[in-house]
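# Per-entry structural report
Chain residues, written in single-letter form:
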Amino acid sequence: MEFKEKINLEKLPQHIAIIMDGNGRWAKQQGEQRIFGHENGVKSVRESVEAAAELGIKYLTLYAFSTENWNRPQEEVIALMQLLVHTISAETKTLNENKIRLQAIGDLKSLPDDCYRELHEAIDNTKNNTRTTLVLALSYSSRWEITNAMKQIAEQIENKKLSVLEITEETINANLCTAGIPEPELMIRTSGEHRISNFLLWQLAYSELYFTDKLWPDFRKNDLYEAIVDYQNRERRFGKTSEQLITK
Ligand code: IPE
Ligand code: IPE
Ligand code: MG
């Protein structure tokens, strides 16, 4: 079924976050090595970014590599980093043509030098684009991010720039990597796993979660549209009752 025409353009989420999972299983199904799955996942990245930009989604965050993924076999980690460097440099032109700004969240300094360089170059080359912001979560984990935020806040208190009584949710937001980025209204995970895997724990507090059995390399524009339609048919109550929302 085609889902694009079912989307209500007045009720689009501003921010969609995706856990791109299932590359390894996809490759195994084809009798190939895991990296073959990662390579084929690039097309799904392209499709999702393009679909989001065409619709006018302001932010798309893609979980590309977690802190825990460093514990994978070294040859997979190296191959993934090479794929990342190659993809980022090859896609910068398309990002600019589509007016997409690139940003990244995570412990970026832990990335290999060439990867870090390419990433920063692409971020710099696309910084004036305003249509959609693509946020890559790289060497990212939410517990790392929250720990980091705690350290920064403690430092501000130690330096007398902040007092304990002044700490609000805003203080925490401002010290996360996602400072300035609205919370995702919709979080999608592919591959049939029903978990968060250390992704945006603070930011997903009230997000609608959508799980699909599709493996990431099979994910296409229509799958994103389907998730958006599903999201648009939900009632977001934020702790209130259904009646309160209707009479508002
Ligand atoms: C997601 O696919 C990509 C990354 C985590 C880098 P996986 O590599 O986790 O694929 P599965 O879950 O093993 O199938
Ligand atoms: C989550 O996928 C991380 C990314 C998609 C980058 P994993 O495949 O690493 O998650 P777990 O280990 O199965 O929870
Ligand atoms: Mg996985």
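### A closer look at the site of ligand 2
Around ligand 2, the neighbouring residues are Ile19, Met20, Asp21, Tyr63, Ala64, Phe65, Ser66, Asn69, Arg72, Arg189, Arg195 and Ser197. Here Ser197 contributes a side-chain N or O atom positioned 2.6 Å from an oxygen atom of ligand 2. The protein chains hide 77% of the 380 Å² of surface that ligand 2 would expose on its own. If you map ligand 2 onto the pockets, it falls in the largest pocket. Per element, the largest residue contribution to the shell around ligand 2 is four residues, and it comes from strand 2 (residues 59–66).

### Quick notes on the pattern of salt bridges
Taken as a whole, this structure holds 16 salt bridges when the rule is applied. Among the salt bridges present, the one from Arg72 reaches Glu76, with a minimum N-O distance of 2.8 Å. Among the charged side chains, a salt-bridge network with shared partners connects Asp21, Arg25, Arg189, Glu193 and Arg195.

### Some points on the layout of surface pockets
Its volume calculated, the largest pocket comes out at about 900 Å³. Listed by contribution, the elements that provide at least two residues to the lining of the largest pocket are helix 1 (23–29), helix 2 (34–55), strand 2, helix 3 (74–97), strand 3 (100–105) and strand 4 (132–140). It is helix 3 that provides the largest number of residues to the lining of the largest pocket, a total of ten residues. When its residues are assigned to classes, the lining of the largest pocket shows 21 nonpolar, twelve polar and nine charged. The calculated volume of the second largest pocket comes to roughly 200 Å³. Taken together, Gln103, Ala104, Ile105, Gly106, Asp107, Leu108, Lys109, Ile123, Trp144, Cys177 and Ile181 form the lining of the second largest pocket. The biggest single contributor to the lining of the second largest pocket is strand 3, with three residues. Per-class residue counts for the lining of the second largest pocket are seven nonpolar, two polar and two charged.

Rules and cut-offs
- Residues numbered from 1 in each chain as written.
- Chains lettered and ligands numbered in written order.
- Predicted model: local features only at pLDDT ≥ 70, side-chain atom pairs only at ≥ 80, totals over all residues.
- Heavy atoms only, no water.
- Near = heavy atom within 4 Å.
- Polar contact = N/O pair within 3.5 Å; in protein donor to acceptor, adjacent residues only side chain to side chain.
- Areas by Shrake-Rupley, 256 points an atom, 1.4 Å probe, with all protein chains shown as cover.
- 1 Å grid on protein atoms, 1.4 Å probe; cavity = no way out; pocket = protein on both sides within 12 Å on 5 of 7 lines; lining within 4 Å.
- Sits in = over half its atoms within 2 Å of the grid points.
- Helix = DSSP H or I, 4+ residues; strand = E, 2+ residues; numbered from the N terminus.
- Salt bridge = Lys/Arg side-chain N within 4 Å of Asp/Glu carboxyl O.
- Points joined across faces, edges and corners; volume = space filled by probe spheres on them.
- Nonpolar A, V, L, I, M, F, W, Y, C, P; charged D, E, K, R; others polar.

What is shown is where atoms sit, not what they do.
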